Amino acid sequence: MADLENDIAKILITREQLTTRISELGQMISRDYAGKDLFLVCVLKGGVVFLSDLVRAIHIPHAFDFMAISSYGGTHTESSGVVRILMDLNASIEGRNVLIVEDIVDTGRTLAYITENLRTRNPASLKICALLNKPSRREVPVTLDYVGFDIPNEFVVGYGLDYNELYRNLPFVGVLKPEMYTGAHSETPTT
Ligand code: IMP
């Protein structure tokens, strides 16, 4: 872990801040969805660390499933918003109260695609829970119903978020040193 931490310019959100905020989000969600059929949809891979802590902070019965999508034509630090589904949900969401669990909302293009796609499947309701939000980067309007933290326009890693598939295991959210970027262009899984 020490090696990975050397690549971090600064810690933006500590492990303790994450724990406290996720517990608050869990309480809000538990209250808002009490008595309803709650179904969480986690967007892989970045959302998975957040999901695993969030579900343990939600104290009402619920199910969850995963979707994997690919962002075509972006870079390792910018998503293009041209998205396709790599792995779809196993279950039908028709008539269920769906809450999308995302790691970070940047331009909003990825979430705009996912919400549009899921809406065609006729859920009873469709809301979004994002751990991190970069409001200054928004290009497509998306309504975020639950947000962990608003953050400035910096590329962050840790707590599920990656650069080049690394740093997901850091227990905090940190800003990567700019010299760590390579800026390669490819079709990369949106993470
Ligand atoms: P959007 O479509 O521009 O909103 O991008 C959302 C996706 O881009 C997220 O799910 C992440 O995979 C990725 N992303 C955006 N900003 C960051 C960041 O600062 N660190 C790591 N991944 C990011």
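Look up: the structure comes first, before these words.
An account of the accompanying structure is given in this report. As the structure is a computational prediction, the values presented were derived from the model and not from experiment.

If you look at the biggest cluster of nonpolar residues, it comprises 30 residues, and the most contacted ones within it are Ile29, Phe50, Leu54 and Leu132. Looking at this core, the elements with two or more residues in it are α2 (15-32), β2 (38-44), α3 (47-57), β5 (97-105), β6 (125-133), β7 (146-150) and β9 (173-176). Of all the elements, α3 adds the most residues to this core, at five residues.

With that settled, consider the sheet that holds strand β8 (residues 156-157). Strands sit in the order β1-β9-β8 across an open sheet of three strands; the sheet is antiparallel. What marks the edges here is a single partner per strand, and that holds for β1 (8-13) and β8. Sheet analysis places β1 next to β9, joined by four bridges and oriented antiparallel. Each bridged residue has a counterpart across the sheet, and for Ile13 the counterpart in β9 is Val173.

Let us now look at the environment of Arg109. Position of Arg109 relative to the elements: it lies in helix α4 (residues 109-119). Separated by 30 residues in the primary sequence, Arg109 and Glu139 have C-alpha atoms spaced 7.3 Å apart.

Turning our attention to the packing of aromatic side chains. The geometry of an aromatic ring pair is captured by two quantities: the separation of the ring centres and the angle between the planes. Summed over all chains, the structure comprises two aromatic pairs. Residues Phe155 and Tyr163 carry aromatic rings whose centres are separated by 6.1 Å and whose planes lie at 85° to one another, so their mutual orientation is edge-to-face.

At a minimum axis distance of 8 Å, the contact between α2 and α3 shows a crossing angle of 55°. One finds that α2 runs oblique with respect to α3. Regarding α2 and α3, the two cross each other, and that crossing is right-handed. Residue-level contacts link Ile22, Ser23, Leu25, Gly26, Gln27, Ile29 and Ser30 of α2 to Phe50, Asp53, Leu54 and Ala57 of α3. Here the contact of α2 with α3 is composed, by residue class, of six nonpolar, four polar and one charged.

What counts as what
- Residues numbered from 1 in each chain as written.
- Predicted model: local features only at pLDDT ≥ 70, side-chain atom pairs only at ≥ 80, totals over all residues.
- Heavy atoms only, no water.
- Core = buried A, V, L, I, M, F, W, Y, C linked by side-chain atoms within 4.5 Å.
- Buried < 20%, exposed > 50% of the residue type's maximum accessible area, 1.4 Å probe, protein only.
- Helix = DSSP H or I, 4+ residues; strand = E, 2+ residues; numbered from the N terminus.
- Pairing = 2+ DSSP bridges.
- Phe/Tyr/Trp six-rings, centres within 6.5 Å; stacked < 30°, edge-to-face > 60°.
- Axes fitted to C-alpha atoms, helices over the stretch in contact; angles between N-to-C directions.
- Parallel < 35°, antiparallel > 145°, perpendicular 65-115°, else oblique.
- Left-handed = near helix turned anticlockwise from the far one by under 90°.
- Contact = heavy atoms within 4.5 Å.
- Nonpolar A, V, L, I, M, F, W, Y, C, P; charged D, E, K, R; others polar.

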